[in-house]
There are 2 protein chains.
Amino acid sequence: MSITSPKGFRAAGVTAGLKASGKPDVALVVNDGPSDIAACVYTSNRCKANPVLWSEQVTADGRAKAVVLNSGGANCYTGPEGFQTTHASAELVAERLGLGAIDVVVCSTGLIGEQLERDRLTAGIEAAAGELSAEGGGAAAEAIMTTDTHSKESLRSGDGWSIGGMAKGAGMLAPALATMLVVITTDAELDSAAADRALRAATRVTFDRLDSDGCMSTNDTVLLMCSGASGVAADEAAFTEKLTEVCHDLAQQLLSDAEGADHDIAIEVVGAASEDDAVEVGRSIARSNLFKAAIFGKDPNWGRILASVGTTSAEFEPSALDVAMNGVWICRGGEPGDSRDLVDLDARAVSVTVDLKAGTESATIWTNDLTHAYVHENSAYST
Amino acid sequence: MSITSPKGFRAAGVTAGLKASGKPDVALVVNDGPSDIAACVYTSNRCKANPVLWSEQVTADGRAKAVVLNSGGANCYTGPEGFQTTHASAELVAERLGLGAIDVVVCSTGLIGEQLERDRLTAGIEAAAGELSAEGGGAAAEAIMTTDTHSKESLRSGDGWSIGGMAKGAGMLAPALATMLVVITTDAELDSAAADRALRAATRVTFDRLDSDGCMSTNDTVLLMCSGASGVAADEAAFTEKLTEVCHDLAQQLLSDAEGADHDIAIEVVGAASEDDAVEVGRSIARSNLFKAAIFGKDPNWGRILASVGTTSAEFEPSALDVAMNGVWICRGGEPGDSRDLVDLDARAVSVTVDLKAGTESATIWTNDLTHAYVHENSAYST
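If you're wondering where the values come from, they're calculated on a predicted model, not measured in any experiment.

**As for the overall build of chain A**
Then comes step 1: Along its length, chain A carries ten helices and 15 strands.
Then comes step 2: Once the C-alpha set of chain A is aligned to its principal axes, its extents read approximately 65 × 50 × 30 Å.
Then comes step 3: Counting only contacts in chain A whose residues sit at least 6 apart along the sequence, the fraction spanning at least 24 positions is 80%.
Then comes step 4: For chain A, the exposed area adds up to about 12,400 Å²; of that, 47% sits on carbon and sulfur atoms.

Written out as structure tokens, the structure reads:
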């Protein structure tokens, strides 16, 4: 169950010494084809890291043959020297594998504002190129970890083809400064437009709705590479469904491993006039520190939920709002409903349901609670 | 130096038993005239508390003769019964003071989603009405405290008139669920339009730019009452200047007493193409948990600042951005600048300056760091 499970891919993960911990920190994934179709979505942050600036050029034509990833440094806000490091990485991968540099995606994660040690990175890429194998997916997934406590992988099978994925991070595609890097492989045959549509459809309802701490990373990248090695042309709808499952699975693994979190919170907004309204309301709740701290304290403080709803432009009447936590409707019609004593917040999984009573649309946003450990990890991260 | 320093006002603060702590919890302020000009700004949250819904009607005509305030309960999300409690409070004040209820502003602060104990509130109002005095400002300022560690008061004098103020809260006008209540009194002669313009101008650059935790309260109220008792017509510009000073002073007192904060952070955005751009960028940084946790950890992590800037729609080029902390330019042109070792974050006051290099406009947003104590206070608040 890894990115080398689909046919046509080799991978490796090695230790280059970029991380002080001495753990693996360089991963390489190669698509041996016959197809080199790829699709990629990147952070929407306007201050993008050098590897993102490079990779956007690589994937602009809907093709990529390899991706090199490093932890131990984000290569972000490192200026022209940092961009040269990224470019040199792609050049080296291309040289060792007989490709063009413009077919090599680069991803980096770790501290921002510091140069990567180019010599170590280079040696790591050399080593990874020498260790590429069809069993290397697991090692690659380990090499991209930063504050992750375990590697994240997923696999789904379709009719004659399969999709494998790996991810790192404690955050999400739009938000989360703890960079999210995701590589997904498939041996299905797809054309470039279909791959792009499928990836955007899948990420829109999975990684895009994961909002761990409302912060938007400079390096987030989700790359899909299609080898076509199964020889089976995938039905686009079926492929999109399985791809969404892989993305959802990886997103939930990211959520449950978020830095310092005690609770995984699913915020479902129903009865919305539009899906956009539901997403806006869900995000506003997910970004309320007061709500998130209350969940940490196992306090079913629904007033903080309504206060967040009130900051949005969504269609609703304040006196019509219903709120449930873990299935108990503690607020009905904007007033106290069932007793909050009925809500048990001991388990890690928490569900919040908000009924806007304004329509039939819905959306779910996932977030975590705000804990002492979150503050600790993020106050000491760079020191 | 209190709200009873300007001529024409009496006030009182008493213990009604709404707070479990047994501390004072009902305040009453009366404007004895001759003028009853008033102006008021309220939370922009769409889920408003009952006292806000009531008071908006009171001040709609630019006049008010008294304000009754209680801590120990926000009377928010309490439905028609809660609204009746607010209305009954105004009626009782009116009856005891020979006014119309529609001239009585009501403010409440404390837990939301629970009914106020109307009998206790009523008895408290009776007691406060009996204790009104021209020396009662300090007692009123104490009675509106919730998690505040001390009362907040301010006083400025103009040419023959003065302005007094009191505030409670740990937050801000737009944001902060820890309700901000502010009452400002003056004996200057002003017409209704001038009072409204002055209050909006003053709050726009003070309370509105205080963003402690990005959460927007349901009860925030800033009330200005003008007695005209000095007999001196105030020059509007001079009055606005002094009123802004009072608001700034109170806002800084709120900032320095914010729940669980270790640092007061002034985020100054300069070189902006517009003031709106500067405010948007400042707010985005003030709402970054990663940045705020870093300041708690005394880590001058400027990468998290740039990452926040990158989420805005402000005009700037990423490669042009400069960032200083406490006067040290640790980021120049989007790259590492002077050594971060030069930044000493031991003191409570922290300044962050971001130069967008896109124009000549600027704005300052004030916030606090994200600490273990913040999480603790807000996870245990209602339990």
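Additional details are given in the paragraphs that follow.
**Let's talk about the sheet that holds strand β13 (residues 335–336) of chain A**
Hydrogen bonds along the backbone pair up the strands of a sheet, which may run parallel or antiparallel.
Residue and element names in this part refer to chain A.
Then comes step 1: Strand order in the open sheet formed by six strands is β13-β12-β11-β14-β10-β15, with mixed pairing between adjacent strands. Both outer strands of the open sheet, β13 and β15 (361–368), are each paired with one neighbouring strand and no more.
Then comes step 2: Across three bridges, the pairing between strand β11 (residues 322–325) and strand β12 (residues 328–332) is antiparallel. Looking at β12, one finds that A324 is bridged to W329.
Then comes step 3: Packed on one face of the sheet, helix α9 (residues 302–309) meets β11, β12, β13 and β14 (349–355) and runs near 135° to β11.

**Concerning the domain arrangement of chain A**
Residues and elements named next belong to chain A.
Then comes step 1: With domains assigned, chain A is organised as domain 1 (9–256) and domain 2 (264–379).
Then comes step 2: Once you take the C-alpha centre of each, domain 1 and domain 2 turn out to be 32 Å apart.
Then comes step 3: Summed over both partners, the interface of domain 1 with domain 2 buries about 1,300 Å², with 41% contributed by carbon and sulfur atoms.
Then comes step 4: Considering only the side of domain 1, the residues that lose the most area to domain 2 are R209, D211 and L255, jointly responsible for 50% of the buried surface there.
Then comes step 5: The tally of links between domain 1 and domain 2 comes to four salt bridges.
Then comes step 6: Looking at which element gives the most residues to the side of domain 1 that touches domain 2, the answer is helix α6 (residues 236–256), with four residues.
Then comes step 7: For the side of domain 1 that touches domain 2, the per-class residue count stands at four nonpolar, seven polar and five charged.

**Remarks on the pairing of strand β6 (residues 152–157) of chain B**
All names here are of chain B.
Then comes step 1: Where β6 meets strand β7 (residues 162–168), six bridges bridge the pair, whose relative direction is antiparallel. Bridged to S157 within β7 is S162.
Then comes step 2: Where β6 folds back onto β7 in an antiparallel hairpin, the turn is made up of four residues, including G160, whose phi is positive at roughly 95°.

**A look at the sheet that holds strand β12 (residues 328–332) of chain B**
Residues and elements named next belong to chain B.
Then comes step 1: Pairing is mixed in the open sheet, where six strands are placed in the order β13-β12-β11-β14-β10-β15. Here the strands that pair on one side only, and so sit at the sheet edges, are β13 (335–336) and β15 (361–368).
Then comes step 2: Packing against the sheet, helix α7 (residues 275–286) makes contact with β10 (264–272), β14 (349–355) and β15, and its axis sits at approximately 20° to β15.

**Regarding the pattern of salt bridges**
Then comes step 1: Using the criterion set out here, one finds 46 salt bridges over all chains in the structure.
Then comes step 2: B:E126 serves as the salt-bridge partner of B:R96, at 2.7 Å between the closest nitrogen and oxygen. With a gap of 30 residues between them, B:R96 in helix α2 (residues 79–97) and B:E126 in helix α3 (residues 118–131) connect regions that are remote in the sequence.
Then comes step 3: Using a relative accessible area of 32% as the deciding quantity, one classes B:E126 as partly exposed.
Then comes step 4: Overlapping salt bridges, with partners in common, bring together A:D36, A:R63, A:K65 and A:D103 in one network.

**Examining the relation of the copies chain B and chain A**
Turning one copy of the chain about an axis and sliding it along that axis gives the other copy, so a rotation and a shift relate them.
Then comes step 1: Take chain B, turn it by 180°, move it 0.0 Å along the axis, and it overlays chain A with an RMSD of 0.0 Å. The two molecules are tied by a two-fold rotation axis, judged by turn and shift. The C-alpha atom lying nearest the rotation axis in chain B is that of B:H372; the distance is 2.6 Å.
Then comes step 2: Mapped onto chain A, 100% of the interface residues of chain B again fall at the interface, so both copies present the same surface.

**Regarding the UniProt feature "binding site: substrate" (unreviewed entry) in chain A**
Then comes step 1: Sites flagged by UniProt as "binding site: substrate" (unreviewed entry) map to A:T146, A:K168, A:T179, A:E259, A:N378 and A:T383.
Then comes step 2: Within the secondary structure, A:T179 sits in the loop between β7 (162–168) and β8 (181–186).
Then comes step 3: The residues contacting A:T179, other than those within four sequence positions of it, are A:S108, A:T109, A:K168, A:G169, A:S217, A:N219 and A:D220.
Then comes step 4: You can see A:N378 is positioned in helix α10 (residues 372–379).
Then comes step 5: Accessibility expressed as a relative area gives 2% for A:N378, which makes it buried.
Then comes step 6: Not counting residues within four places of it along the chain, the set of residues in contact with A:N378 comprises A:E259, B:L290, B:A293, B:A294 and B:R304.

**Section: the interface of chain B and chain A**
Then comes step 1: Across the contact, 53 residues belong to chain B and 53 residues belong to chain A.
Then comes step 2: Surface buried jointly by chain B and chain A totals about 4,300 Å² across both partners, of which 58% is contributed by carbon and sulfur atoms.
Then comes step 3: Broken down residue by residue, the surface that chain B buries against chain A is led by B:R46, B:Y77 and B:L290, which jointly contribute 16%.
Then comes step 4: At the boundary of chain B with chain A, the tally comes to two salt bridges.
Then comes step 5: B:E114 is paired through a salt bridge with A:R340; the nearest N and O atoms lie 4.0 Å apart.

**Details of the packing of aromatic side chains**
Then comes step 1: Scanning all chains against the criterion turns up six aromatic pairs over all chains.
Then comes step 2: For the ring pair A:W302 and B:Y77, a centre distance of 5.8 Å and an interplane angle of 35° mean the geometry is tilted. With A:W302 in helix α9 and B:Y77 in the loop between β4 (66–70) and α2, this residue pair bridges two chains. You'll find A:W302 and B:Y77 in the same group, each marked buried.
Then comes step 3: Where B:W161 meets B:F239, the ring centres are 5.5 Å apart and the plane angle is 55°; that geometry is what we call tilted. In this pair, B:W161 is assigned in the loop between β6 and β7 and B:F239 in helix α6 (residues 236–256), connecting sequence segments 78 residues apart.
Then comes step 4: Judged by relative accessible area, which is 5%, B:W161 ranks as buried.

The rules we used
Residues numbered from 1 in each chain as written. Chains lettered and ligands numbered in written order. Predicted model: local features only at pLDDT ≥ 70, side-chain atom pairs only at ≥ 80, totals over all residues. Heavy atoms only, no water. Helix = DSSP H or I, 4+ residues; strand = E, 2+ residues; numbered from the N terminus. Contact = heavy atoms within 4.5 Å. Areas by Shrake-Rupley, 256 points an atom, 1.4 Å probe, with all protein chains shown as cover. Pairing = 2+ DSSP bridges. Axes fitted to C-alpha atoms, helices over the stretch in contact; angles between N-to-C directions. Domains from an automatic or database assignment. Buried area = accessible area lost by both parts, 1.4 Å probe. Salt bridge = Lys/Arg side-chain N within 4 Å of Asp/Glu carboxyl O. Nonpolar A, V, L, I, M, F, W, Y, C, P; charged D, E, K, R; others polar. Buried < 20%, exposed > 50% of the residue type's maximum accessible area, 1.4 Å probe, protein only. Least-squares fit on C-alpha atoms with pLDDT ≥ 70 in both. UniProt positions renumbered as here; feature names shortened; annotations may be inferred. Phe/Tyr/Trp six-rings, centres within 6.5 Å; stacked < 30°, edge-to-face > 60°.

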